[in-house]
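Here is what each chain is made of, one letter per residue.
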Amino acid sequence: MCGIVGAVAQRNIVPALLEGLQRLEYRGYDSCGLAVIRDHGLERARSTQRVAELAQQVQLEQLSGRLGISHTRWATHGAPATHNAHPHFSGNPPRIAVVHNGIIENYEQLREELSAEGYVFESQTDTEAVAHLVDSLYQGDLFEALQQACRRLVGAYALAVMSSDEPDRLAGARYGSPLVIGVGQNENFLASDALAIAGTTDQIIYLEDGDLVDLSTDTVLIVDRDGNDIDRIVHTVQAHMAAADLGPYRHYMQKEIFEQPRAVSDTLQDIDEIVPELFGAGAAEVFEEIDQVLILACGTSFYAGLTAKYWIESLAKIPTAVEIASEYRYRDSVPNPRTLVVTISQSGETADTLAALKHAKSLGMPHTLTICNVATSAMVRECELSFITRAGVEIGVASTKAFTTQLAALFLLAMALAKSKARLSSDRERELLRKLRHLPKAIAAVLALEPQVMDWADRFARKENALFLGRGMHYPVALEGALKLKEISYIHAEGYPAGELKHGPLALVTEAMPVVTIAPKDELLEKLKSNIQEVHARGGELYVFADADTNIRPENNIHVIRMPEHYGMLSPILHTITLQLLSYHTAVARGTDVDKPRNLAKSVTVE
Ligand code: AGP
């Protein structure tokens, strides 16, 4: 998604802006740009290449200045082309510059009005309408003009704005898209996330929806949606630097896959008893009151939710529905006020999930809980209860450690709900906690299978399609495996419950179709073996991840990698890791941009 970095300082801020853009590259983008005020005039450089190319251009054109804004763009309105890249200017000669993340829904109406006033549009973006709108309202006070402009905007935005007439002032606004202030020594920053400015300051203010901000080198003024001056807490944010370091790994995705033992262990902390308060104060009363669970999420987080349904219904016997957030928010549903609405999100800023959460609340379901990796995110602020996963910053667009830590947290939730409904004996609680504590070691043992998976990946890299099969609680793992493969290797892949094969997808099976099969040693194993035979009999090539003692042996067209141990209810967490490795090495063999796959963004802050 689009990324913003802006700065007002007493030094040349171009290097800090470029470093910030580089730190935001992980979010995904297709063009980038930077503007500064120099000698009371606006200057900019824009590129449809990577930030490194923009840096060269900036050097060539010798751009420098003490006030500047910059942007990585993920195209929504208008193709990824230089004229659509931000910053957008308005005025003749230009005097207003704007960068934006979000979508202005009424931009067509604004465009018409502003065109009638004589403004000429040079791009197809919704953002240019904001630049012209601010210019049309500007009477020497940038903050005032931005305040008035925001009253006219419908949609979602994080904005950073500057005027050549006020070379010591940076203004910003947030509604629906993330924006933070970085407080420095005689300099202040605006950015899409704290990571962008981690090289410069660790003093971060998280803006709330509706906030507007007026920055100079030594002042920070924040005004809330009602126009009142407001103090927001300054957080000291750590650990971002380490996350940006690749260490011995080739890609962030590989690094993050191998961080999973640590990430899961940090997420589980040293929990030695399941208590509702793990999910926040007041959880005990909420858990007692609810008789239904509704999980809302997108993408990989949705698959975490699907897995949790098996756990919650099995352990706590509470009916659980799992819905894709972007669908739920637009369909007629039947609300039950005794529902626990659970959102799952790595970033905590996913626009669809946030909107679905607000929709659920508006339907009269007040009990909300989020499983989220970012403690300061909008999702956490919107929910009554929360559990923060401790995956650490995830930079690769493909979610790995965020997923397994979500699963660990959801398993704790299933246990907590079961306990509050008196459906978890203390023996069972102890046994499951023992399993959870051993999980980091079990994950490490699965990671040791990497060389075997790499052998498969070379063969996989030549395929254009793949099927992933799982049964029961491993069906969501099959879906996640397929998503991972298509996301980073661009191989078309589908996940199916193995029992569904003969109802359609079997028609696809030929020697050209690899069929990845998850074979845990559970009560569905014998049925799964029959499914394997259905594929084998039709000349399909099977790649089976089989638990020990399953008696699935390699033979012609059946390749087998043996998992170290069967892990009972927590088995989906282990099986997902081999699929991450398979996708990762297949993508490496195909030479794709693993950490920044085409067309995708890390956190999807627009609808
Ligand atoms: C997973 O690999 C994805 N890139 C994507 O599906 C992601 O899980 C989804 O966009 C939801 O993001 P969130 O967890 O930050 O809400």
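Residues numbered from 1 in each chain as written. Predicted model: local features only at pLDDT ≥ 70, side-chain atom pairs only at ≥ 80, totals over all residues. Heavy atoms only, no water.

1. Remarks on the environment of lysine 502
When you line up the elements, lysine 502 lands in the loop between strand S21 (492–497) and strand S22 (514–519). C-alpha of lysine 502 to C-alpha of glutamate 534: the two residues are 32 residues apart in sequence and 8.2 Å apart in space. With residues up to four places along the chain from it excluded, the contact list for lysine 502 reads Asn531 and Glu534. Here glycine 499 takes part through its backbone oxygen, which lies 3.2 Å from a polar atom of the side chain of lysine 502. (Helix = DSSP H or I, 4+ residues; strand = E, 2+ residues; numbered from the N terminus. Contact = heavy atoms within 4.5 Å. Polar contact = N/O pair within 3.5 Å; in protein donor to acceptor, adjacent residues only side chain to side chain.)

2. A look at the sheet that holds strand S17 (residues 339–345)
What the five strands build is an open sheet, ordered S16-S15-S17-S18-S19; its pairing is parallel. Each edge of the open sheet is held by one strand with a lone partner, namely strand S16 (320–324) and strand S19 (385–388). Between one strand axis and the next, the sheet turns by 20 degrees as a mean value, whatever way the strands run. Lying on the sheet, helix H10 (residues 299–316) is in contact with strand S15 (292–297), S16 and S17; it crosses S16 at an angle near 170 degrees. Across the face of the sheet, helix H14 (residues 401–420) comes into contact with S15, S17, strand S18 (368–372) and S19 while running at roughly 165 degrees to S17. (Pairing = 2+ DSSP bridges. Axes fitted to C-alpha atoms, helices over the stretch in contact; angles between N-to-C directions.)

3. Comments concerning helix H3 (residues 107–116)
Every buried residue of H3 is accounted for by Tyr107, Leu110 and Leu114. Buried residues along H3 cover an arc of 60 degrees about the axis, so they all sit on one side. In this structure, H3 carries Glu108, Glu112 and Ala116 as exposed residues pointing more than 90 degrees from its buried face. Positive backbone phi, approximately 110 degrees, marks glycine 118, located one or two places after H3. (Buried < 20%, exposed > 50% of the residue type's maximum accessible area, 1.4 Å probe, protein only. Arc of directions from axis to C-beta.)

4. Section: the site of the ligand
Near the ligand there are 13 residues, and of these Ser301, Ser345, Gln346, Thr350 and Glu487 occur at the shortest range. Here an oxygen atom of the ligand sits 2.8 Å away from a polar atom, N or O, in the main chain of serine 399. Taking glutamate 487, its side chain carries an N or O atom lying 2.5 Å from a nitrogen atom of the ligand. At three residues, H10 tops the list of elements feeding residues into the shell around the ligand. Classifying every residue of the shell around the ligand by side-chain character gives three nonpolar, eight polar and two charged. (Near = heavy atom within 4 Å. Nonpolar A, V, L, I, M, F, W, Y, C, P; charged D, E, K, R; others polar.)

5. So, the pairing of S21
Relative to S21, strand S20 (residues 465–470) runs parallel, the two sharing six bridges. Looking at S21, one finds that glycine 470 is bridged to proline 497. Once you follow S20 into helix H17 (residues 475–489) and on to S21, the crossover reads as right-handed. (Right-handed = clockwise from strand over helix to strand, strands pointing away.)

6. Some points on the sheet that holds strand S12 (residues 212–215)
The sheet built from six strands is open, its strands ordered S5-S6-S7-S8-S12-S13 with antiparallel pairing. Looking at which strands have only one partner, the edges of the open sheet turn out to be strand S5 (88–90) and strand S13 (220–223). Going from strand to strand, the sheet's axes swing by 20 degrees on average, the running direction of each strand aside. Sheet topology places S12 next to S13; four bridges connect them, and they run antiparallel.

7. Some words on the packing of aromatic side chains
Under the definition given, this model contains nine aromatic pairs. Plain terms: the ring middles of phenylalanine 279 and phenylalanine 387 are 5.4 Å apart, the flat faces sit at 40 degrees to each other, and that makes the pair tilted. Of the two residues, phenylalanine 279 sits in the loop between helix H8 (260–268) and helix H9 (283–289) while phenylalanine 387 sits in strand S19, which places them 108 residues apart along the sequence. Residue classification places phenylalanine 387 among the buried residues on the basis of a relative accessible area of 3%. Their ring planes at 55 degrees and their centres at 5.7 Å tell us that phenylalanine 302 and tyrosine 303 sit as a pair that is tilted. As far as the burial class goes, phenylalanine 302 and tyrosine 303 line up, both buried. Aromatic rings pair up to connect Trp456, Phe460, Tyr543 and Phe545 into one cluster. Taking the ring centre of tyrosine 567 as reference, the NZ or CZ of lysine 435 above it sits at 4.2 Å. The ring centre of tyrosine 490 lies 3.8 Å from the NZ or CZ of arginine 598, which sits over that ring. (Phe/Tyr/Trp six-rings, centres within 6.5 Å; stacked < 30°, edge-to-face > 60°. Lys NZ or Arg CZ within 6 Å of the ring centre and 35° of its normal.)

8. Structural notes on the pattern of salt bridges
What the rule picks out here adds up to 33 salt bridges. For arginine 38, the salt bridge goes to glutamate 43, with nearest N and O atoms at 2.8 Å. The exposure class of arginine 38 is partly exposed, given its relative accessible area of 24%. Exposure remark for glutamate 43: the relative accessible area of 25% places this residue in the partly exposed category. (Salt bridge = Lys/Arg side-chain N within 4 Å of Asp/Glu carboxyl O.)

9. Considerations on the domain arrangement of the protein chain
With domains assigned, the protein chain is organised as domain 1 (3–236), domain 2 (252–445) and domain 3 (450–590). The distance between the C-alpha centroids of domain 1 and domain 2 comes to 34 Å. Listed as interface residues are nine residues of domain 1 and, on the opposing side, nine residues of domain 2. Taken together, the connections running from domain 1 to domain 2 amount to three salt bridges. (Domains from an automatic or database assignment.)

10. Section: the nonpolar core
Within the largest apolar cluster, 89 residues are counted, with the highest numbers of intra-cluster contacts made by Phe279, Phe287 and Leu417. Formed jointly, this core draws a minimum of three residues from each of two domains, domain 2 (252–445) and domain 3 (450–590). With near-sequence residues (within four places) excluded, leucine 417 lies in contact with Phe287, Ile290, Val293, Ile312, Ala316, Ile318 and Leu340. (Core = buried A, V, L, I, M, F, W, Y, C linked by side-chain atoms within 4.5 Å.)

11. Quick word on the pairing of strand S9 (residues 180–183)
Across four bridges, the pairing between S9 and strand S10 (residues 188–191) is antiparallel. Bridge assignment links valine 180 to a residue of S10, and that residue is alanine 191. The turn joining S9 and S10, which pair antiparallel and follow one another in sequence, is formed by four residues; a positive phi near 60 degrees is taken by asparagine 186. The sheet contact formed by S9 and strand S11 (residues 203–206) spans three bridges and is antiparallel. Counterpart to glycine 182 in the pairing with S11 is isoleucine 204.

12. Re unusual backbone geometry
In this structure, the amide linkage connecting histidine 86 to the following residue, proline 87, adopts the cis form with an omega of -5 degrees. Checked against the element boundaries, proline 87 lands in the loop between strand S4 (67–73) and S5. A cis amide bond, omega 0 degrees, links asparagine 92 with the succeeding residue proline 93. The phi torsion at alanine 422 lies on the positive side, around 55 degrees, for a residue other than glycine. With a relative accessible area of 69%, alanine 422 lands in the exposed category. Positive phi is not limited to glycine here, since aspartate 549 has a value of about 70 degrees. Position of aspartate 549 relative to the elements: it lies in the loop between strand S23 (541–547) and strand S24 (558–563).

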